[in-house]
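Observations on the three-dimensional arrangement
Single-letter residue listing:
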Amino acid sequence: MKQQIAQLLESALQTLKEQEVIPADIAPSIQVENTRDKAHGDFATNLAMMLAKPAKTNPRALAQQLCDALPESNVIDKTEIAGPGFINFFVNDSAIYSVIGDVLEAGHEFGRQRVDTANRVQVEFVSANPTGPLHVGHGRGAAYGATVADLLQAAGVNVEREYYVNDAGRQMNILAVSVWLRYLENQGATLVFPANGYQGEYIKDIAADLASRCGDSLVRTIDEVFADIPADEPAGGDKELHIDALIERAQTLLVDDYMQVFNAGLESILADIREDLGEFGVEYQCWFSERSLTSSGDVDQALERLQQSGHLYEKEGNLWFRSTDYGDDKDRVVRRANGQTTYFASDIAYHMNKFERGFDKVINVWGADHHGYITRVKAAISALGYDPERLVVKLVQFAILYRGGERVQMSTRSGSFVTLRELRDEVGNDACRFFYVTRKADQHMDFDLDLAKSESKDNPVYYIQYAHARVCSVLRKLESEGMSWDEAAGLAALERLDTEAERDLVTALGKYPETLQNSAHNFEPHVLANYLRDLASDFHTYYNGHKVLIDDAQLRNARITLSVAVRQVLANGLQLLGVSAPEQM
RNA sequence: GCGCCCGUAGCUCAAUUGGAUAGAGCACUCGCCUUCUAAGCGAGCGGUUGCAGGUUCGAACCCUGCCGGGCGCGCCA
């Protein structure tokens, strides 16, 4: 519809150019927008205001000339000039109402675009370190990333979802030591658990599991383990030195068996994360291992490429990347004097790998606390010769939980953080998914647990689902009353839907496809969430004032047809948000 | 100190990316069940968009400077 109007305007523009009202050499981008207020018609353009200056006339006069030059159209009822020079378009009802037939014909495909396989986009999200269960902060990234990916797919993008598994590095070694020490306890040893170790109960479960698989083959005496280890923090020492020494000791004592312990921790936690996300409706096409970047040679290759192009230099034995060439605050070390590559080096290799895999665009969903990394990663991408615009980083702020009006305190240290699983158990997957994406991602959000759990109109999830269930209910009632619905008759009688509420509802349906597109391409799921709430509201208003199951068969068929179309759009939208559309509540 | 993000109704948030009179929900006040689910609907109340300038036909949005809040500034991950 917008395109049709834009074409009419284009034609009018040409006419005025020929009449030399408007200079021939300007080519404005014609903007047709939805009106905010229906008193302004259905669509509006600001064209006259944009052209008034070059045409050396006032906007309203030019608007009139544009209107006069508009070709005849069977879609437009009338145009009006309003405000400072807007041209408002009033579309005739049959054009507006045709969307109902479109919805019913397309069904669950309505609003979706066919996937263009040439346009490959990767969405990487969550990517939490596999050192413990996901918490509510990861949950928001999961809901956001999954929804963005689904939206893009619906918008016709060939999407691949990926989880970057940080299965290398010091944190993972700390996890391995934590598991091993709990295993030793499980095998009867008494020891003081390191302050910097992973304290959670889940470590004990992994240790017990390890014990049942390996028996006592991994047992070493406490004297061996702790001999000459520097004191831990509670004993007046340094917790970092303490844990690092324990890591080294574990590797020395266990030799090849160390990796068995290491992998026991990694695999168990990864399996848990995978299951957790699966239950949350989040699936990945690829779980990408950080370790694989080293074994495949990608890290070496990436550094080699940077070396070749002159972006690396050595200083004090360390190898540095000159990221300051690309606006970074300081240069960054990629390989330490001891030969170890840094985490950043892995990140460089990882992004090189992504582009080498042929993705046109790469979207990273990061916690907002990682924003400092954007500059250096983009710098590396540029230095490797890729267009940094092909990487889009979306930052997700943390959600603050409230229960009973009180902020739920969370801290990793005390182990009192709330896991995603606990949250899902408490409020349900539907409310979780919806609440997480109902606010802009880069905005702090307050997550009201009581509201998410409440089964009332205050809860937007229930509110939308209820609208869907209501239509289902009407259809059930229809059947039990022995009445029937004739879709063709309904479509033929749409002109009977002549009340204001009905026209509003149909207009809302017509906005679904573009809402979906905007929501997808701007990576803003909240736009769709808000739309669905508004659509549900329009339907509730309609439902309250219009009885559907009436004796007038023609009007009844038309109203059912409209209701079913609304149900379809609600279902389509909810599905994209990962929320169920119940038939009964 | 430097860098990034944010500041909108009493509260939680929108605002089609520069458009018309800044909108919803909650809270508060008042109405609506003999009707397909009241898990619903309607009406009212509520604003100097943190402050001050600037850019233009037009600013919550763009620019500058303040004020206030968050985060980041390791060879950690």
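Refer to the structure printed above.
Parameters and conventions
Residues numbered from 1 in each chain as written. Chains lettered and ligands numbered in written order. Predicted model: local features only at pLDDT ≥ 70, side-chain atom pairs only at ≥ 80, totals over all residues. Heavy atoms only, no water. Phe/Tyr/Trp six-rings, centres within 6.5 Å; stacked < 30°, edge-to-face > 60°. Helix = DSSP H or I, 4+ residues; strand = E, 2+ residues; numbered from the N terminus. Buried < 20%, exposed > 50% of the residue type's maximum accessible area, 1.4 Å probe, protein only. Lys NZ or Arg CZ within 6 Å of the ring centre and 35° of its normal. Salt bridge = Lys/Arg side-chain N within 4 Å of Asp/Glu carboxyl O. Axes fitted to C-alpha atoms, helices over the stretch in contact; angles between N-to-C directions. Parallel < 35°, antiparallel > 145°, perpendicular 65-115°, else oblique. Contact = heavy atoms within 4.5 Å. Nonpolar A, V, L, I, M, F, W, Y, C, P; charged D, E, K, R; others polar.

1. Observations regarding the packing of aromatic side chains
- Inspection of every chain in the model, using the stated rule, returns 18 aromatic pairs.
- Ring centres 4.9 Å apart and planes at 40° place the aromatic pair Phe288 and Tyr350 in the tilted group. Placement of the pair is Phe288 in strand E7 (residues 286–289) and Tyr350 in helix H13 (residues 343–356), with a sequence separation of 62 residues. The pair formed by Phe288 and Tyr350 is uniform in burial state, with each residue classed as buried.
- Geometry around Phe359 places Arg120 over its ring, the cationic atom sitting 4.5 Å from the centre.

2. What to know about the pattern of salt bridges
- For the coordinates displayed, the defined rule picks out 28 salt bridges.
- Notably, a salt bridge pairs Asp150 with Arg161, separated by 2.9 Å at the nearest N-O pair. Linking Asp150 in helix H5 (residues 136–154) with Arg161 in strand E6 (residues 157–165), this pair joins segments that are 11 residues apart in sequence.
- Here Glu162 and Arg357 are joined by a salt bridge, their closest N and O atoms 2.8 Å apart. Note that Glu162 is positioned in strand E6 and Arg357 in the loop between H13 and strand E11 (361–367), a separation of 195 residues in sequence.
- Under the relative-accessibility criterion, Glu162 is labelled buried at 0%.
- Judged by relative accessible area, which is 25%, Arg357 ranks as partly exposed.

3. So, the packing of helix H15 (residues 420–427) against helix H16 (residues 429–437)
- Contact pair H15 / H16: the axes reach a minimum separation of 7 Å and the direction vectors enclose 115°. As summarised for this structure, H15 and H16 are arranged roughly perpendicular, according to the angle between their axes. Across the interface between the two elements, Leu420, Leu423, Arg424 and Val427 from H15 touch Asn429, Ala431, Cys432 and Tyr436 from H16.
- Of the residues contributing to the contact of H15 with H16, the split by class is six nonpolar, one polar and one charged.

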